[in-house]
Amino acid sequence: MREMEDLENPSAADVVEAVKRRQQAERDRGNDRAKRFVIAADRFIFWLSKRWLAVFNTMAFLYVGLPFLAPTLMYLGAEGAASIIYRIYGPLCHQLPQRSWFLFGSQLSYRLPELMELAGERVSGPWANDFVGNQELGYKVAFCQRDAAIYGAIFLFGVIYGLLRQRWNVRPLPWWAYILMGLVPMGLDGGYQFLSYALPLVWPGISLEPYETTPLMRVITGTLFGWATVWLAYPYLQESMEDVRASLERRFGWT
């Protein structure tokens, strides 16, 4: 009888002990979940350490390919799908038509005066970027010529790096060379172009005509920047990924 009463009316110590056991069980379950999450994250990092270059090249290909898909979709009549791509890349690039490639038209590029004459009110000035093209002029790529050169070069030289690293230990480009060959040409070309428009706004009396660089110069400077970026960054990434992979192999015995 007393035993039944003890079960029906547990002591304070029994209650405290039961609460402690429940809390410990919850902590154990939480630790198991955290452990599984950490192991899954380590497995993903291990996978990425072996395939990072393929991932980067795929991302670069998609990033540079989608802007060229936009005018293709416009040409095929899929304007809704094309407009989604234009909107996605809108915050990432100025998309000025006079600094962009055109596909499926009479020319690959147009100067601003040509566009103002041929497109009429749809290109009202140097900062009008809403015009995506028409059947006569063709359709605008979703980012500018320089961006196309930069990210196209990152993809191209990323593929070349993948071929070269199998035979040679490619050393990183020195910082001074990166600045000299990657940053300076683009800074001079794009910087002077920017200042030629910006300075008259803040200094109305200055005698400075707006300067538009050429598509060729945008391609050259953008390609140099993309090439130099790959040469500088990818060898460092390769070294880091090899260290991470070796560490995880020692820790877990993964191969």
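(A) Highlighting the confidence of the model for the chain. Of all residues in the chain, 88% attain a pLDDT of 70 or more, and the chain-wide mean is 89. Taken element by element, the chain is modelled with least confidence in helix α1 (residues 2–8), mean pLDDT 50, and with most confidence in strand β1 (residues 102–103), mean pLDDT 98.

(B) View of helix α7 (residues 215–252). Taking 1.5 Å as the rise per residue, α7 with 38 residues should run 56 Å; its terminal C-alpha atoms sit 52 Å apart, in good agreement. For α7, the principal kink sits at Ala233 and spans about 25°; a proline, Pro235, occurs within the next four residues. Just beyond α7, the residue with positive phi is Gly253, at close to 75°.

(C) The arrangement of the pattern of salt bridges in detail. By the definition in use, this model includes four salt bridges. Among the salt bridges present, the one from Arg251 reaches Asp42, with a minimum N-O distance of 3.7 Å. Note that Arg251 is positioned in helix α7 and Asp42 in helix α2 (residues 12–76), a separation of 209 residues in sequence. For Asp42, a relative accessible area of 11% puts it in the buried group. A salt bridge links Glu212 to Arg218, with the shortest nitrogen-to-oxygen separation between them at 2.8 Å. Glu212 sits in the partly exposed class, given a relative accessible area of 27%. When salt bridges with common partners are traced through the structure, they connect Arg99, Glu212 and Arg218 into a single cluster.

(D) Structural view of the packing of aromatic side chains. One pass over the full model with this rule turns up 19 aromatic pairs. An angle of 35° between the planes, with centres 6.4 Å apart, marks the rings of Phe102 and Phe131 as tilted. Of this pair, Phe102 sits in strand β1 while Phe131 sits in the loop between α4 (112–118) and β2 (133–134), placing them 29 residues apart in sequence. This pair shows no difference in class: Phe102 is buried, exactly as Phe131 is. With a centroid separation of 6.0 Å and 85° between ring planes, the pair formed by Trp175 and Tyr178 is classed as edge-to-face. Here Trp175 pairs with Tyr178, and both are found in helix α6 (residues 175–202), just three residues apart, close to one helical turn. Overall, the relative accessible area of 53% leaves Trp175 in the exposed class.

Rules of the game
- Residues numbered from 1 in each chain as written.
- Predicted model: local features only at pLDDT ≥ 70, side-chain atom pairs only at ≥ 80, totals over all residues.
- Heavy atoms only, no water.
- pLDDT = per-residue confidence, 0-100.
- Helix = DSSP H or I, 4+ residues; strand = E, 2+ residues; numbered from the N terminus.
- Expected span 1.5 Å × (residues − 1).
- Bend = angle between axes of the 7 residues up to and from the residue.
- Salt bridge = Lys/Arg side-chain N within 4 Å of Asp/Glu carboxyl O.
- Buried < 20%, exposed > 50% of the residue type's maximum accessible area, 1.4 Å probe, protein only.
- Phe/Tyr/Trp six-rings, centres within 6.5 Å; stacked < 30°, edge-to-face > 60°.

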